[in-house]
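Survey of secondary and tertiary structure
Here is how the chains run, residue by residue.
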Amino acid sequence: MSIAIITGASSGIGSEFVKQLKNYAFDVDEIWAVARREKLLEELKSKTDIPLRAVALDLTKTESINALEEMLKNEGKEVGVLINCAGYGKFGNYEDIENAEALGMIDLNCRALVGVTNVVIPFMKRDSKILQVCSISSFQPLPLMAVYAASKVFVLNYSRALSVELKPRGITVTALCPGWVDTPFFATATKTKNPKAVTKYTFMQTTERVATQGLKAMKKGRMVSIIGGQNKILYVLNKILPVKIVMNTWLKTQK
Ligand SMILES: NC(=O)c1ccc[n+]([C@@H]2O[C@H](COP(=O)([O-])OP(=O)(O)OC[C@H]3O[C@@H](n4cnc5c(N)ncnc54)[C@H](OP(=O)(O)O)[C@@H]3O)[C@@H](O)[C@H]2O)c1
């Protein structure tokens, strides 16, 4: 038996992964739930039959990544499942978003995701699974969400390439691409100088649906999983339409 590590577990999609993990018969006997808000992580213990350890870490700090690595070394645990779900976005243009927040998105969505993945892989065995929470924003440049969307492009391409690198070891990597999901993401995203920059959230999805599809896709070892028919159509349109048209259409939907 081995452990599952779930980052961003204190809220939204991450906490739903914790709740649903038991339904998919992964070979894990403990969940390490990672985020900054320890109290919320502790509360998750009553939401799953799998023993859960609250691991309070700010993943934007290098020492937190090192601490996670030390914990794994000291415990000598194997990791059967890694779900990188910690992440945030900010709405607005380049001057609406504080530079610290713009850099923070890159630190958490990209740097921390790579850092956690790198320290966990040595503790994985054959048939271990990695799920990287990405977004359909990874399929197109998004004015008013420029840094966030670009950070998810990184996650998508990194995850795809890593899945090829890890194939000989029998470890799968899945990039999960939901559209809008009803979570506290929006409370964070709208705390900018222009809270009304992005206000139309079409085809909002539930955390339950997103977590279910994510866990199923990870179980099957899919490389990329796009959630919802409308998002699959968006994916195809983004592939065939000129990028200027794609960006202008997005901006029109927000007026
Ligand atoms: N909601 C959407 O519309 C949507 C759509 C596509 C993709 N996504 C992606 O889904 C993932 C989860 O987002 P969500 O919608 O569930 O939002 P959420 O409810 O705000 O969850 C974000 C999670 O990230 C954690 N986190 C934030 N900063 C952190 C830090 N410095 N160190 C460690 N953990 C940190 C938060 O925990 P603490 O605050 O306790 O640290 C929380 O658990 C993100 O990667 C997001 O980009 C969301």
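Heads up: these notes are all about the structure in this document. Residue numbers run consecutively from 1 along every chain, following the written order of its sequence. Residues qualify for local features only when their pLDDT is at least 70, as the model is predicted, and side-chain atom pairs are given and counted only at 80 or more; totals for whole chains, interfaces and linings, by contrast, use all residues.

**Structural notes on the environment of Met 223**
How we decide: By definition, any uninterrupted DSSP run of H or I lasting at least four residues is a helix, any uninterrupted run of E lasting at least two residues is a strand, and each is numbered from the N terminus. Here contacts are defined at the residue level, using C-beta atoms placed from the backbone and a cut-off of 7 Å between them.
By secondary structure assignment, the location of Met 223 is in the loop between helix H7 (207-220) and strand S7 (224-226). Separated by 52 residues in the primary sequence, Met 223 and Ile 171 have C-alpha atoms spaced 11 Å apart. Here Met 223 is in contact with Arg 160, Ser 163, Thr 174 and Ala 175, once residues within four sequence places are set aside.

**As for unusual backbone geometry**
The backbone of Ala 25 sits at a positive phi, close to 50°, despite the residue not being glycine. At Leu 144, a residue that is not glycine, the phi angle is positive and equals roughly 80°.

**Points about the nonpolar core**
Put simply, the rule is: Put simply, a nonpolar core is a cluster of buried Ala, Val, Leu, Ile, Met, Phe, Trp, Tyr and Cys residues tied together by C-beta atoms within 7 Å. To sort residues by burial, count the other C-beta atoms lying within 10 Å of each one's C-beta; a count of 20 or more means buried, 12 or fewer means exposed, and anything in between means partly exposed. C-beta atoms are built from the backbone.
Counting 60 residues, the largest nonpolar core has Ile 5, Ile 6, Phe 17, Val 18, Ile 31, Ala 33 and Val 34 as the members making the most contacts within it. In terms of residue count, strand S2 (residues 28-35) provides more of this core than any other element does, six residues in total. Residues within four places of Ile 31 in sequence aside, it is in contact with Ile 3, Ala 4, Ile 6, Val 18, Leu 21, Thr 48, Ile 50 and Leu 52. In terms of nonpolar packing, the next biggest core, distinct from the first, is built from 10 residues, Leu 142, Ala 149, Val 198 and Trp 250 among them.

**Re the site of the ligand**
Heads up, the condition is: Placing the C-beta atom from the backbone, one calls a residue near a molecule or strand if that atom lies within 6 Å of it. When residues are sorted by character, Ala, Val, Leu, Ile, Met, Phe, Trp, Tyr, Cys and Pro go into the nonpolar class, Asp, Glu, Lys and Arg into the charged class, and all the rest, Gly among them, into the polar class.
What surrounds the ligand is a group of 28 residues, the closest being Gly 12, Arg 36, Arg 37, Gly 87 and Phe 185. The set of elements that each furnish at least two residues to the shell around the ligand consists of helix H1 (12-20) and helix H6 (185-189). Considering every element that reaches the shell around the ligand, the biggest residue donor is H1, with three residues. For the shell around the ligand, a count of residues per class yields 14 nonpolar, 11 polar and three charged.

**Let's talk about the sheet that holds strand S4 (residues 79-84)**
Neighbouring strands of a sheet are bound in pairs by backbone hydrogen bonds; such pairs are parallel or else antiparallel. Counted only if it meets this: Two strands qualify as a pair provided DSSP detects at least 2 bridges between them. The axes are straight lines fitted to the C-alpha atoms, using for helices just the contacting stretch, and the angles between their N-to-C directions are given from 0 to 180°.
Strands sit in the order S3-S2-S1-S4-S5-S6-S7 across an open sheet of seven strands; the sheet is parallel. Two strands lie at the open edges of the sheet, namely strand S3 (52-56) and S7, each paired on one side alone. Taken pair by pair, the neighbouring strands of this sheet meet at an average axis angle of 15°, ignoring direction. Direction of pairing for strand S6 (residues 172-177) relative to S7: parallel, over a ladder of three bridges. Across the sheet, the residue bridging to Cys 177 is Ile 226, located in S7. Strands in contact with H1 are strand S1 (2-7), S2, S3, S4 and strand S5 (124-133); relative to S1, the strand with the most contacts, it is inclined by about 160°.

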